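# Observations on the three-dimensional arrangement
For reference, the chains in residue letters:
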Amino acid sequence: MAIRMDAVPPIAYPVGSLVRFRGRDWVVQGLDTARQLLTLKPLAGSDVETCTAYWPLVYERMTAAAVPPLSADALGDFVSGALLRDAARLAIRQAAGPLRAIGQTVVRPRPYQLVPLLMALKLDPVRLLIADDVGVGKTIEAALIAKELLERGDIQRTAVLCPPQLCDQWQAELASKFHIEAVVVRGSTIRQLEDALPSPTTSVFRHYPHLVISIDFIKGERHREAFLAQCPEFVIVDEAHGIAEPGDGTRQQGQHQRHALVARIAADSARHLVLLTATPHSGIQQAFASLMELLDPALGPQLRDNAAMDPATRARVARHFVQRRRGDVKRWLGDTAVFPTRVTREADYGLGAAYEKLFHDVWQFTRDLVREPGMSHTRQRVRYWAALALLRSVMSSPAAAVEALSRREQSEAVSDTWEADVLDDIRRRELLDGAQEDGAGDTIPQEAITAGVAETGDRGRRRLTALRQQAEALLAPDADPKLRKLVPLVDTMVQAGARPIIFCRFIATANYVAERLGQHFHQLKRGVEVVAVTGQMPDEERAHKVRELSRTPAHVLVATDCLSEGIDLQMGFDAVIHYDLPWNPNRLEQREGRVDRYGQAKAEVQAVLLYGHDNPIDAAVMQVLIRKARNIYQSLGITVPVPVESDAVLEALTEYFFREAPIQEQLTFDLGERSRITQLHGEWDRAAEREKESRSRFAQHALPPDAVEAVWQETDAVLGSPAVVERFLVRALPRWGVAVRQDTTGLAIQARDLDPFAPPGDRDAWVGVTTDPHGAVGAVTLDRSHPWVEGWSHRVLGTALGGADPTRVARSGAMLTTAVTRRTLIAIARIRYRVRERGHETFAEEVMVTGYQREHPENWVPNAAIWRDLADTAQPAQNLSVGERQEQVQWGLDMLTNDAVSAAIKQAREDHVTATYRALRASVGTGQVEVTAYDPDWLGCYVLLPGGMA
């Protein structure tokens, strides 16, 4: 039957209305008037039951509805009031608090994590660089901004640009914590996404509203223009130091391409852009300027020309830049953020005769490489880099040594005309552990070695063969002193309950270490799983292996630096062993930051540096880089990147290495008159002081703490804290026969009652639970958004509104109590709102408590402290008869049916919510927020009488 559209009346129910449809009461949560669609959520149901109705088909069957009226007949105890209030608060998702996103997320942010969000709401468009320390929670902070703008209707589409190895993690975080369902766009997924499009002319970048994109995939020519043409309104760039212009004279093509891509994204003055990095400066002012210029074009020249940063520039930067150390946020606004204590130590070993001979012989070979007379400067430098690359491989492990020393059938001779950028690229990628376009490199440095030994002839190849045979002999059981040191170290840690990650430089070393450790634990039959994860695996396989390993009771992960950047591993691991020392001290912090971060359940994480005390390679790195980096971190509490060019780092290492080498004959590489080590450390100290000064300027000054505290308290008042969740469970569950135990060890529920979220095992066993996301290790976390908690809150609310079982939860009651000195009415109401901002209407709601006590100055003031406290804490002192309770409740109901009372409460809350919304956006001229409140839905009415008096 055709619908006569001219006979269909306009939609009669605005956002926030209650309607009756298909025998059930619903709240209208959204309207699409152009398509005549209504979004409906059950009055006492969950988000999963939300549906969409087409107005022309339903208007004749949809009627106005109201919350079932209160009655003096269905009486219950006073605890029902607190129980009902808590259930209604925990059921809220579209909260009327100042922040719309919090009720829609699984994660409960810490107060300090609200700072970037509140800063973002002061900007139009949002242009922000979040530079908090590793592990503080930048992902949560950025995703909160995206979620808030989505909930407010400011944006409809989002994109995250990140290194390819982080794509799956971002996708999982957005879905599991923020209910943002994004697709991953990279080389391995683009064809599948294109095949699923409704038509060949539809763009992947337009069809899918939320995208997580490999920045190194999209910077290429094939898909770049299509993405830029359809780029979403909101873009997050993770690991943003990878898009900064280096500013140190180096030529890094990939970094230039990434910067150019983001610059074009930023060129749209209406686009929201959030950059994330723990190292915004990289020790170089020009790099920082290039990032800030993306957010505010005027800042680039100012920062480049004004290193001291005058007050005007500083104030301008502060609008777009937030940077906090852990010490800044660990205890802030009375909240204690849970960060582990990092315990660092060194574990040394001796090379032993066989390995020392291998090193000595390789040294002799590399010395001959670089001492050949008559070589050009270019040729000598390439051989010199080959020498260091070969030595580094040999000292990593016998397996890496065998691979590095294996004969190459095809070799490219060094040409004196090789361009400098080719040589720089070899040096940077293969010697200094720089960030790669596709993640950290972990292969044997074949380019450097091949280029350096290409012209050694038959004699050189024979020497390489002999050296390889020496390395192969060290593969025998117990022949490798480094591995002999590692095995008992790991064994002890695992027996103590630790779950370590062992970081190696090369794939060959990681596979070798994992194999030997696996054999060790297999022989002992300890049930310890050992897995290697390296860069030769696809991103999806890496993620799968790590995820599966984390689920085993006892495990060890051996990894290369493909896992050292951006990957969150704190849920499955709690210790780090540096099997190979990184030649870039930034990598040290990146590795340890995988487990030492926000969300780590262990109070303490271990970080162990394994090094050879008679290994010249390790000695150079320890003295020149690692210990200097550690000293700065311990002194300032921050990580400061090496602030000089790659050449200076390499030459400083070289100076120390050759100075301390066991061979007396020294090699000269034109290091200059001044010690490169002294020069490097001096620059590093100055960079540390600049970083310290910068952080003192921006750490907490971007937003006054009292502004954050007000929002935090308002949000908790609307949604409830972890303490509210625990109180709800303790009061509600026993009323339905669920066994709950609460003692000094915490909260526990019997496994049979916690299905399906209890761990497998004895159904009669008690399962420890926590309502704090950072609660006890091994406990089941039941936060406000957990499906089990959400299910119980809707069950309690539905039972109350249905009125079928007042013995469990009732909407009215009366009692004698010592908590009051005169008759007092406590009323619980839900207030629905229609919020219009920037032409977009959204639904919001809150549950509030109000009250009446003759001549009290706060009569009917919603959420006044006196009414909240009485609702939560009042206890019965004496029984009342049924008739007396009915009489008192009827008095209360007569009070609530006064239209003037409802009007006053409605106006008070409308004014309050309007003020909180406008306060967040006033500074950018977007104060045109219209909040319309509906009359209160009275959920509960409870009368308190002074103890002993009727």
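Structural data are supplied above this passage.
One structure accompanies this document, and this report is about it. Fair warning: this is a prediction, and the values are worked out from it, not measured in the lab. (Residues numbered from 1 in each chain as written. Predicted model: local features only at pLDDT ≥ 70, side-chain atom pairs only at ≥ 80, totals over all residues. Heavy atoms only, no water.)

## Things to note about the overall build of the chain
Regarding its fold elements, the chain presents 33 helices and 29 strands. Within the chain, the proportion of its 950 residues that are buried is 59%. Of all intrachain contacts in the chain linking residues separated by at least 6 positions in sequence, the fraction that spans at least 24 positions is 75%. Accessible area for the chain stands at about 37,700 Å²; split by element, carbon and sulfur atoms hold 49% of it. (Helix = DSSP H or I, 4+ residues; strand = E, 2+ residues; numbered from the N terminus. Buried < 20%, exposed > 50% of the residue type's maximum accessible area, 1.4 Å probe, protein only. Contact = heavy atoms within 4.5 Å. Areas by Shrake-Rupley, 256 points an atom, 1.4 Å probe, with all protein chains shown as cover.)

## A few points about the pattern of salt bridges
Throughout the structure, instances matching the rule amount to 47 salt bridges. A salt bridge links Glu 151 to Lys 147, with the nearest nitrogen and oxygen atoms 3.6 Å apart. Of this pair, Glu 151 and Lys 147 both sit in helix α4 (residues 138-152), four residues apart, roughly one helical turn. Residues Glu 151 and Lys 147 agree in their burial class; the two are buried. A salt bridge links Glu 841 to Arg 836; the nearest nitrogen and oxygen atoms lie 3.7 Å apart. When salt bridges with common partners are traced through the structure, they connect Arg 85, Asp 86, Arg 89, Arg 727 and Asp 872 into a single cluster. (Salt bridge = Lys/Arg side-chain N within 4 Å of Asp/Glu carboxyl O.)

## What about unusual backbone geometry?
With omega at 0 degrees, the peptide bond leading from Asp 124 into Pro 125 counts as cis. For Pro 125, the location among the structural elements is in the loop between α3 (114-120) and β6 (127-130). Backbone geometry places Arg 22, a non-glycine residue, at a positive phi of 55 degrees. Here Arg 22 lies in the loop between β1 (18-21) and β2 (24-32). With phi around 65 degrees, Trp 860 is a residue other than glycine that occupies positive phi space. Along the polypeptide, Trp 860 turns up in the loop between β27 (840-853) and α31 (865-873). A residue is classified by how much of its surface remains accessible, and Trp 860, at 16% relative accessible area, is buried.

## Points about the packing of aromatic side chains
Counting across every chain of the model gives ten aromatic pairs. The interplanar angle of 40 degrees and the centroid separation of 5.7 Å between the aromatic rings of Trp 55 and Tyr 59 together place this pair among those described as tilted. Residue classification places Trp 55 among the buried positions, given a relative accessible area of 2%. Measuring from ring centre to ring centre gives 5.8 Å for Phe 78 and Tyr 942, while their planes differ by 85 degrees; the resulting arrangement is edge-to-face. In this pair, Phe 78 sits in the loop between β5 (63-64) and α2 (79-91) while Tyr 942 sits in strand β29 (residues 937-946), placing the two residues 864 residues apart along the sequence. Here the two residues Phe 78 and Tyr 942 agree in accessibility, since each one is buried. In this structure an aromatic cluster arises from ring pairing among Tyr 13, Trp 55 and Tyr 59. Above the plane of the ring of Trp 26 lies Arg 24, whose end atom (NZ or CZ) is 5.6 Å from the centre. Here the guanidinium or amino end of Arg 627 rests over the ring plane of Tyr 611, the centre of that ring lying 5.7 Å away. (Phe/Tyr/Trp six-rings, centres within 6.5 Å; stacked < 30°, edge-to-face > 60°. Lys NZ or Arg CZ within 6 Å of the ring centre and 35° of its normal.)

## Remarks on the packing of helix α15 (residues 352-371) against helix α20 (residues 457-473)
In a pair of packed helices, the angle between the axes and the distance between the axes together describe the arrangement. The geometry of α15 relative to α20 is characterised by a closest axis approach of 10 Å and an angle of 160 degrees between their N-to-C directions. In terms of orientation, α15 and α20 fall into the roughly antiparallel class. Taken as a pair, α15 and α20 cross one another with a handedness that is left-handed. Here Lys 357, Leu 358, Asp 361, Val 362, Gln 364, Phe 365 and Asp 368 of α15 come into contact with α20, specifically with Gly 460, Arg 463, Leu 464, Leu 467, Gln 470 and Ala 471. Taken together, the residues of the contact of α15 with α20 sort by class into six nonpolar, three polar and four charged. (Axes fitted to C-alpha atoms, helices over the stretch in contact; angles between N-to-C directions. Parallel < 35°, antiparallel > 145°, perpendicular 65-115°, else oblique. Left-handed = near helix turned anticlockwise from the far one by under 90°. Nonpolar A, V, L, I, M, F, W, Y, C, P; charged D, E, K, R; others polar.)

## What about the nonpolar core?
Core analysis: the largest hydrophobic core is formed by 120 residues, its most contacted members being Ile 145 and Trp 170. No other element matches the eight residues that α4 contributes to this core. Apart from the residues lying within four places of it in its own chain, the contact partners of Ile 145 are Pro 116, Leu 117, Ala 120, Val 126, Leu 128, Ile 130, Phe 234 and Val 274. By size, the runner-up hydrophobic cluster in this structure holds 72 residues, among which are Ala 471, Leu 489, Val 513 and Ala 514. (Core = buried A, V, L, I, M, F, W, Y, C linked by side-chain atoms within 4.5 Å.)

## Structural notes on the side chain of Glu 837
Along the chain, the position of Glu 837 falls in strand β26 (residues 824-837). Here the side chain of Glu 837 touches Arg 152 through a polar contact of 3.3 Å, side chain to side chain. (Polar contact = N/O pair within 3.5 Å; in protein donor to acceptor, adjacent residues only side chain to side chain.)

## Focus: the environment of Ala 471
The residue Ala 471 is located in helix α20 in this model. A relative accessible area of 0% means that Ala 471 is categorised as buried. Residues Ala 471 and Leu 405, 66 residues apart in the sequence, show an inter-C-alpha distance of 8.6 Å. Look past the residues within four positions of Ala 471 in its chain and what remains in contact with it is Leu 358, Pro 398, Ala 401, Val 402 and Leu 405.

## Structural notes on the pairing of β27
In terms of residue burial, β27 counts as a mostly covered element, since twelve of its 14 residues are buried. The pairing of β26 with β27 spans 14 bridges and is classified as antiparallel. Bridging across to β27, Ile 831 finds its partner in Glu 846. Between β26 and β27, which follow one another and run antiparallel, lie two residues, and Arg 838 among them has a positive phi close to 55 degrees. (Pairing = 2+ DSSP bridges.)

## Here we look at the sheet that holds strand β4 (residues 51-54)
Here five strands make up an open sheet; going across it, the order is β4-β3-β2-β1-β5 and the pairing antiparallel. The open sheet has two free edges, formed respectively by β4 and β5, since each of these has just one partner strand.

## Thoughts on the pairing of strand β18 (residues 555-559)
Counting buried positions along β18 yields five of five residues, so the element is predominantly enclosed. Residues His 555, Leu 557 and Ala 559 of β18 are buried on one face, and the alternating residues Val 556 and Val 558, pointing to the opposite face, are buried as well. Of the strand pairs in this sheet, strand β17 (residues 529-533) and β18 are connected by five bridges, and their pairing is parallel. Looking across to β18, one finds that Val 531 is bridged to Leu 557. Between the parallel pair β17 and β18, the chain is carried across by helix α23 (residues 539-550), and the sense of this crossover is right-handed. (Right-handed = clockwise from strand over helix to strand, strands pointing away.)

## Considerations on helix α5 (residues 167-178)
Each α-helix turn comprises 3.6 residues. Residues three or four places apart therefore point the same way. For α5, which comprises twelve residues, the first-to-last C-alpha distance of 16 Å matches the rise-based estimate of 16 Å (1.5 Å per residue) to within 8%. Buried residues of α5: Cys 167, Asp 168, Gln 169, Trp 170, Glu 173, Leu 174 and Phe 178, and no others. Note on α5: the residue one or two positions beyond its end, His 179, has a positive phi of about 55 degrees. (Expected span 1.5 Å × (residues − 1).)

## With respect to helix α28 (residues 705-719)
The end-to-end C-alpha separation of α28 is 21 Å, in line with the 21 Å expected for 15 residues at 1.5 Å each. Every buried residue of α28 is accounted for by Val 708, Val 711, Trp 712, Glu 714, Thr 715, Val 718 and Leu 719. The arc enclosing the buried residues of α28, seen along the axis, measures out at 165 degrees, which places them on a common side. The first or second residue beyond α28 is Gly 720, which carries a positive phi of 95 degrees. (Arc of directions from axis to C-beta.)

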